[in-house]
Amino acid sequence: MEYDKQTKNRLKRTEGQIRGILRMMEEQQDCEKVINQLSAVSSAISHTVGVIVSENLKYCLIEQADASNKDELVNDAVKLLVRSRK
């Protein structure tokens with residue numbers, strides 16, 4: 001599966017946010033501010049997981065529609081979707 005530039009950029013921004021959180025912790029900033037930033041990172045990662053899982057599901061259902069193991073492909077995609085929501 002190929003990952004688009006937008007998805008990669010989203011993770012790069014998240015990486016920057018995490019560095020910023022570490023800096024905030026080193027500076028002993030207010031707990032509430034750190035938690036707010038951690039929540040934002042968590043949300044961003046969850047959204048990215050959703051994008052990747054949905055793209056994988058589309059790939060399994062559309063790109064490989066003529067495959068002889070369709071049921072297996074769909075089952076794998078659904079397992080990935082369920083695992084991403086835990």
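Residues numbered from 1 in each chain as written. Predicted model: local features only at pLDDT ≥ 70, side-chain atom pairs only at ≥ 80, totals over all residues. Heavy atoms only, no water.

A few words now on the overall build of the protein. If you tally the helices and strands in the protein, you get three helices and zero strands. Of the regular secondary structure in the protein, the N- to C-terminal order runs α-α-α. In terms of C-alpha radius of gyration, the protein reaches 17 Å, well past the compact-globule figure of 12 Å for 86 residues. Principal axes of the C-alpha set define a box for the protein whose edges measure 55 × 25 × 15 Å. Residues counted as buried form 17% of the 86 residues belonging to the protein. Taking the contacts inside the protein whose residues are at least 6 apart along the sequence as the reference set, 55% of them involve residues at least 24 apart. Just so you have it, the protein exposes about 6,700 Å², and 52% of that area is on carbon and sulfur atoms. (Helix = DSSP H or I, 4+ residues; strand = E, 2+ residues; numbered from the N terminus. Rg over C-alpha atoms; globule rule 2.2 N^0.38 Å. Buried < 20%, exposed > 50% of the residue type's maximum accessible area, 1.4 Å probe, protein only. Contact = heavy atoms within 4.5 Å. Areas by Shrake-Rupley, 256 points an atom, 1.4 Å probe, with all protein chains shown as cover.)

To continue, consider a nonpolar patch on the surface. Taken together, the side chains of Ile18, Leu22, Met25 and Ile45 present a nonpolar region at the surface, about 340 Å² in accessible area. The element that contributes the greatest number of residues to the nonpolar patch is helix α1 (residues 5-26), accounting for three residues. Structurally, Met25 is set in helix α1. (Patch = residues over 30% accessible without salt bridge, like charges linked within 9 Å, V, L, I, M, F, W, Y side chains within 5 Å. Salt bridge = Lys/Arg side-chain N within 4 Å of Asp/Glu carboxyl O.)

This part covers unusual backbone geometry. One non-glycine residue, Gln28, lies in the positive phi region at around 55°. Locating Gln28 in the fold gives a position in the loop between α1 and α2 (31-63). Classification of Gln28 by relative accessible area gives exposed; the value is 71%.

When pLDDT is averaged along the protein, the result is 85, and 91% of the positions lie at 70 or above. Across the protein, element-level confidence peaks in α1 with a mean pLDDT of 96 and bottoms out in helix α3 (residues 70-84) with 75. (pLDDT = per-residue confidence, 0-100.)

Moving on: the pattern of salt bridges. If you walk through the whole model with that rule in mind, you get one salt bridge. Notably, a salt bridge pairs Arg19 with Glu15, separated by 3.3 Å at the nearest N-O pair. With Arg19 and Glu15 both in helix α1 and four residues apart, the pair spans about one turn of that helix.

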